[in-house]
Amino acid sequence: ETGVTQSPTHLIKTRGQQVTLRCSSQSGHNTVSWYQQALGQGPQFIFQYYREEENGRGNFPPRFSGLQFPNYSSELNVNALELDDSALYLCASSLDTNTEAFFGQGTRLTVV
Amino acid sequence: GQQLNQSPQSMFIQEGEDVSMNCTSSSIFNTWLWYKQDPGEGPVLLIALYKAGELTSNGRLTAQFGITRKDSFLNISASIPSDVGIYFCAGPSIQGAQKLVFGQGTRLTINP
């Protein structure tokens, strides 16, 4: 059984650019949640996808968007990058919306 | 909004000492989760608490769900070097079970 995997592990982008981060959920899991973790802070919930539909969203602007595919893998897209978007982006998958979530190792995004 | 406050923010202890940290909130949580995050990794679930007053152990770790449902405690006995890391408390947001709110973390450093 493979765990949650995220790609890439590190990324450097310029302010104003767009970025796509990818997450492969754990085998059998249909729910994926994305979190942003700024340096020295706890993770903050961005949004959740359940069976390819958005299922709840945190306090993030519309330039943060996502997708979930039929195999339950997921993408996080961020448009018009700002310096404050620099953070560790974590993906967590769970069997459904009410069971324990398992986190990937994260993607470290640096915006310069 | 929902916020979790952890204390202390950091701890410096000697190997073999016991550790105690806590997490408080101004709002009620029906579930309390304790995670550990190592550098460059995602959070890993240590203990989950589901009932007020519940005391749960996982090896040298013990966590309690406060009676008021507004706090939780994590204790680590006989600390060892691999206990080093950042410990987060978390609970379900008002949006749902796996849309988690995290505290800001307690950083544990152990002197050998």
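In case you missed it, the structure is sitting above this.
Described in the following lines is the structure provided in the data block. Not measured: the values here are computed from a predicted model.

Glancing now at the pattern of salt bridges. In this structure the tally under the stated criterion is six salt bridges over all chains. Its salt-bridge partner being Arg63 of chain A, residue Asp85 of chain A comes within 2.8 Å of it at the nearest N-O pair. Within this pair, whereas Asp85 of chain A is found in the loop between strand 8 (74-78) and strand 9 (87-94), its partner Arg63 of chain A is found in the loop between strand 6 (53-57) and strand 7 (64-68), the two being separated by 22 residues in sequence. Close ionic contact of Arg60 of chain B with Asp83 of chain B constitutes a salt bridge, the shortest N to O distance being 2.8 Å. Taken together, the residues span a long stretch of sequence, with Arg60 of chain B in the loop between strand 6 (55-58) and strand 7 (61-65) and Asp83 of chain B in the loop between strand 8 (71-76) and strand 9 (85-93) at a distance of 23 residues. Judged by relative accessible area, Asp83 of chain B falls into the buried class, the value being 6%. One network of salt bridges, with partners in common, ties together Arg63, Glu82 and Asp85 of chain A.

So, about the nonpolar core. Counting residues in hydrophobic clusters, the biggest one holds 22 residues, and the most contacted among them are Trp34, Leu74 and Leu108 of chain B. Elements represented by at least two residues in this core include exactly strand 2 (10-14), strand 3 (19-25), strand 4 (32-37), strand 5 (44-49), strand 7, strand 8, strand 9 and strand 11 (106-111) of chain B. Core analysis: the next-biggest nonpolar cluster, separate from the first, contains 20 residues, Val4, Val32, Ala87 and Cys91 of chain A among them.

This paragraph deals with the interface of chain B and chain A. On the side of chain A, 24 residues touch chain B, which itself brings 16 residues to the contact. Interface of chain B and chain A: buried area, both sides summed, is about 1,400 Å²; carbon and sulfur atoms make up 52% of it. Viewed at the interface, chain A and chain B are joined by zero salt bridges. Where chain B touches chain A, the interface holds four residue pairs in polar contact (both at pLDDT 80 or more). Of all the elements in the fold, those that place two or more residues in the side of chain B that touches chain A are strand 4 and strand 10 (96-102) of chain B. Looking at the side of chain B that touches chain A, the element that brings in the most residues is strand 10 of chain B, giving five residues.

The tally for this structure, following the rule as stated, stands at two disulfides over all chains. For Cys23 of chain A, the disulfide goes to Cys91 of chain A, at an S-S distance of 1.8 Å. Judged by the sign of its S-S torsion, about -55 degrees, the bond between Cys23 of chain A and Cys91 of chain A is left-handed. Remark: Cys91 of chain A occurs in strand 9 and Cys23 of chain A occurs in strand 3 (residues 19-24); sequence separation between them is 68 residues. Judged by its relative accessible area of 0%, Cys91 of chain A is buried. Disulfide pairing is shown between Cys23 of chain B and Cys89 of chain B; the S-S distance is 1.9 Å.

Rules used in this analysis
The residue count restarts for each chain, going from 1 along the sequence in the order it is written. Whichever chain is written first becomes A and whichever ligand is written first becomes 1, with later ones labelled in order. pLDDT decides what is reported in this predicted model: residues at 70 or higher carry local features, side-chain atom pairs at 80 or more are listed and counted, and totals for whole chains, interfaces and linings draw on all residues regardless. Side-chain calculation: all heavy atoms of the structure are included, whereas hydrogens and water are not. Salt bridges are identified by distance alone: a Lys or Arg side-chain nitrogen within 4 Å of an Asp or Glu carboxyl oxygen. Only DSSP runs of H or I reaching four residues or more are called helices, and only runs of E reaching two or more are called strands; each is numbered from the N terminus. Each residue is assigned to one of three classes by its accessible area relative to the maximum for its type, calculated with a 1.4 Å probe on protein chains only: buried under 20%, partly exposed between the two thresholds, exposed over 50%. By nonpolar core is meant a set of buried Ala, Val, Leu, Ile, Met, Phe, Trp, Tyr and Cys residues that side-chain atoms within 4.5 Å join together. Two residues form a contact once any of their heavy atoms are found within 4.5 Å. Each of two parts loses accessible area, computed with a 1.4 Å probe, when they are put together; buried area is these two losses added. Distance and chemistry together define a polar contact, namely a pair of N or O atoms within 3.5 Å, with one atom able to donate a hydrogen and the other to accept it when in protein, and with adjacent residues in sequence counting only for side-chain atoms on both sides. Any two cysteine sulfur atoms lying within 2.5 Å of each other are counted as a disulfide.

Any link to function would need more than the numbers given here.
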